[in-house]
Amino acid sequence: MLGDGGAVKRLAIVALAVALALTSCGEGANEAEDPTPVGPPLSTSEAPRAPAVATVQDAALTELVAGNTELALNLFAALAGDDQNTLLAPESISEGLALPFLGARGATADEMADALHFTLEGDELHNAAATLRSTILERENDQLQIAVANQAFGQEGFGFLDEYLADLSRWYEAPLA
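A. Molecular detail of helix 4 (residues 106–116). All of the buried residues in helix 4 are Ala-109, Met-112, Ala-113, Ala-115 and Leu-116. End-on, the buried residues of helix 4 take up no more than an arc of 165°, which puts them together on one face. The outward face of helix 4, more than 90 degrees from its buried face, is lined by the exposed residues Ala-107, Asp-110, Glu-111 and Asp-114. Positive backbone phi, at 60°, marks His-117, one or two positions downstream of helix 4.

Structure representation (structure tokens):
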């Protein structure tokens, strides 16, 4: 269901604004937990860059792809004009917005999951995303080159938790700039 175009456009703008702000990824993110950043600000994790991809059930991968498709259809309905070509890459959009989602907690995480159509939770979601990316990259051949350039951007001087930085590397091979 694509819903009201204006509501979808507002939802997309809110989701992108929240994602770009990297809300809830570091200091002061959730007062109920220890919000003290560990390590120097804007550092990358010392964790290995290779993703920890375990076996993902086909159902989890199918559920992730269905959510990515629903997000893309909603964005397409909101952004496409009658007289213009519009191209969306559901996997790129989903994975790019999964980076700030990885650090979101509480109401922010709930709202982002709803807007991004993430129905899987925790490691199951991020493992499915890593598996999908790996599956796509396996299709590379002499006639098809695929490059992934994930990177999270943060405000200088804002401390990020080591766990968040490690998870960025673990699941998305994404350093923090």
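B. Summary view of the environment of Pro-100. Relative to the helices and strands, Pro-100 is located in helix 3 (residues 90–101). With 54 residues separating them along the chain, Pro-100 and Gly-154 place their C-alpha atoms 9.9 Å apart.

C. Here's a closer look at the pattern of salt bridges. Summed over the entire model, instances satisfying the criterion amount to two salt bridges. Salt-bridge contacts for Arg-133 lead to Glu-95; the nearest nitrogen and oxygen are separated by 2.6 Å. Residue Arg-133 is found in helix 5 (residues 122–137), and its partner Glu-95 is found in helix 3; the two are separated by 38 residues along the sequence. The class of Arg-133 is buried, set by a relative accessible area of 5%. By sharing partners, the salt bridges in this structure join Glu-95, Arg-133 and Glu-173 into a single network.

D. Quick look at the packing of aromatic side chains. For the structure shown, the criterion picks out three aromatic pairs. Arranged with centres 5.0 Å apart and planes meeting at 70°, the rings of Phe-158 and Phe-160 form a pair that is edge-to-face. Accessibility expressed as a relative area gives 25% for Phe-158, which makes it partly exposed. Residue class for Phe-160 comes out buried when judged on its relative accessible area of 1%. For the ring pair Phe-160 and Tyr-164, a centre distance of 6.1 Å and an interplane angle of 25° mean the geometry is stacked.

E. Molecular detail of the packing of helix 2 (residues 58–79) against helix 5. For the pair helix 2 and helix 5, the least separation of the axes is 9 Å and the interaxial angle reads 85°. The orientation of helix 2 with respect to helix 5, classified from their angle, is roughly perpendicular. On helix 5, the residues touching Ala-60, Leu-61, Leu-64, Val-65 and Asn-68 of helix 2 are Glu-124, Leu-125, Ala-128, Ala-129, Thr-131 and Leu-132. Considering only residue class, the contact of helix 2 with helix 5 consists of eight nonpolar, two polar and one charged.

F. Quick look at unusual backbone geometry. Phi at His-117 is positive, roughly 60°, even though this residue is not glycine. Along the chain, the position of His-117 falls in the loop between helix 4 and helix 5. With a phi close to 50°, Glu-173 is a non-glycine residue in the positive phi region. Mapped onto the elements of the fold, Glu-173 is located in the segment after helix 6 (162–172). Here Glu-173 falls in the partly exposed class, since its relative accessible area comes to 29%.

What counts, and at which threshold
Along each chain, the written sequence defines residue order, and numbers are assigned to residues from 1. Since the coordinates come from a predicted model, pLDDT governs what is reported: local features require at least 70, and pairs of side-chain atoms require 80 or more to be given and counted, while whole-chain, interface and lining totals use all residues. Side-chain descriptors were evaluated using all non-hydrogen atoms of the structure, hydrogens and water having been removed beforehand. Only protein chains enter the accessibility calculation, which uses a 1.4 Å probe. A residue is then buried if its area is under 20% of the maximum for its type, exposed if over 50%, and partly exposed in between. Labels follow the DSSP assignment, with helices taken as runs of H or I lasting at least four residues and strands as runs of E lasting at least two, numbered in each case from the N terminus. An arc is given here, and it is the one of the directions from the helix axis to the C-beta atoms. Salt bridges are defined as contacts in which a side-chain nitrogen from Lys or Arg sits within 4 Å of a carboxyl oxygen from Asp or Glu. Planes of paired rings set the category: under 30 degrees apart is stacked, over 60 is edge-to-face and the rest tilted, where pairs are Phe, Tyr or Trp rings (Trp by its six-membered ring) whose centres lie within 6.5 Å. Note on geometry: axes are C-alpha line fits, over the in-contact stretch for helices, and angles between N-to-C directions span 0 to 180 degrees. Here the word oblique covers every angle except those under 35 degrees (roughly parallel), over 145 (roughly antiparallel) and from 65 to 115 (roughly perpendicular). The contact criterion used throughout is that any non-hydrogen atoms of two residues lie within 4.5 Å. Under the grouping applied here, Gly and all other residues not named as nonpolar or charged are polar, the nonpolar ones being Ala, Val, Leu, Ile, Met, Phe, Trp, Tyr, Cys and Pro and the charged ones Asp, Glu, Lys and Arg.

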